[in-house]
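Structural features, examined
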Amino acid sequence: MDENTKRFLVNQMVWLGIYFAISLVISILIPFPYSLVILIGVILGLAYWRRRRFMRQVGSAGSVFGNPFGSKGIEYYCMNCGTKHNKISCPNCGSKLKKAGF
Ligand SMILES: [Zn+2]
């Protein structure tokens, strides 16, 4: 079992404990039919929050490995006169036709 799996399992156990504690507190404080409704709301809210946090982690990791052309960039050449440019239309002849080169 590697570190990541272990950390994931520990994380799951912690969250299980948190859910258990929350359900215990709610069922003590609030009478039955209402406690169930509030419990479901709290669990759904926590699940939503966890997923958003997870997405943000994945998102920030994704931007690091994100664009394979990021550092170098694709260069475009005018198909009409061959001028290298990154504009929509060629600064030399105004043609909008261009091809990508590396
Ligand atoms: Zn041109």
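Here, every reference points to the structure presented above.
Residues numbered from 1 in each chain as written. Predicted model: local features only at pLDDT ≥ 70, side-chain atom pairs only at ≥ 80, totals over all residues. Heavy atoms only, no water.

Okay, the coordination of the zinc ion next. Coordination of the zinc ion by the protein comes from Cys78 (SG), Cys81 (SG), Cys90 (SG) and Cys93 (SG), over a distance range of 2.3 to 2.4 Å. Considering all 4 donor atoms around the zinc ion, angles at the metal cover 106 to 117° and the coordination shape is tetrahedral. Between consecutive donor residues of the zinc ion, the sequence gaps follow C-x2-C-x8-C-x2-C. What makes Cys81 partly exposed here is its relative accessible area of 36%. (Donors = N, O, S within 2.8 Å, 3.2 Å for Na, K, Ca; no water. Tetrahedral: all angles 85-135°; square planar, octahedral: opposite > 155°, others 65-115°. Buried < 20%, exposed > 50% of the residue type's maximum accessible area, 1.4 Å probe, protein only.)

Moving on: the packing of aromatic side chains. What the rule picks out here adds up to 2 aromatic pairs. Consider the rings of Trp15 and Trp49, whose centres lie 6.2 Å apart with planes at 55°: the pair is tilted. Of the two residues, Trp15 is situated in helix H1 (residues 3-29) and Trp49 in helix H2 (residues 32-65); the sequence distance between them amounts to 34 residues. For Trp49, a relative accessible area of 39% gives the class partly exposed. Of the aromatic side chains, those joined through ring pairs into one cluster are Trp15, Tyr19 and Trp49. (Phe/Tyr/Trp six-rings, centres within 6.5 Å; stacked < 30°, edge-to-face > 60°. Helix = DSSP H or I, 4+ residues; strand = E, 2+ residues; numbered from the N terminus.)

Let us now look at the environment of Ile74. Assignment of secondary structure puts Ile74 in the loop between H2 and strand E1 (75-78). In this structure, the C-alpha to C-alpha distance between Ile74 and Asn86, residues 12 residues apart in sequence, is 8.9 Å.

Turning our eyes to something else, we now look at the layout of surface pockets. One number sums up the size of the largest pocket: a volume of about 280 Å³. Taken together, Asn4, Arg7, Phe8, Asn11, Gln12, Arg50, Arg51, Arg53, Phe54 and Gln57 make up the lining of the largest pocket. Going through the elements one at a time, H1 and H2 are the ones with two or more residues in the lining of the largest pocket. Looking at the lining of the largest pocket residue by residue, the classes come out as 2 nonpolar, 4 polar and 4 charged. (1 Å grid on protein atoms, 1.4 Å probe; cavity = no way out; pocket = protein on both sides within 12 Å on 5 of 7 lines; lining within 4 Å. Points joined across faces, edges and corners; volume = space filled by probe spheres on them. Nonpolar A, V, L, I, M, F, W, Y, C, P; charged D, E, K, R; others polar.)

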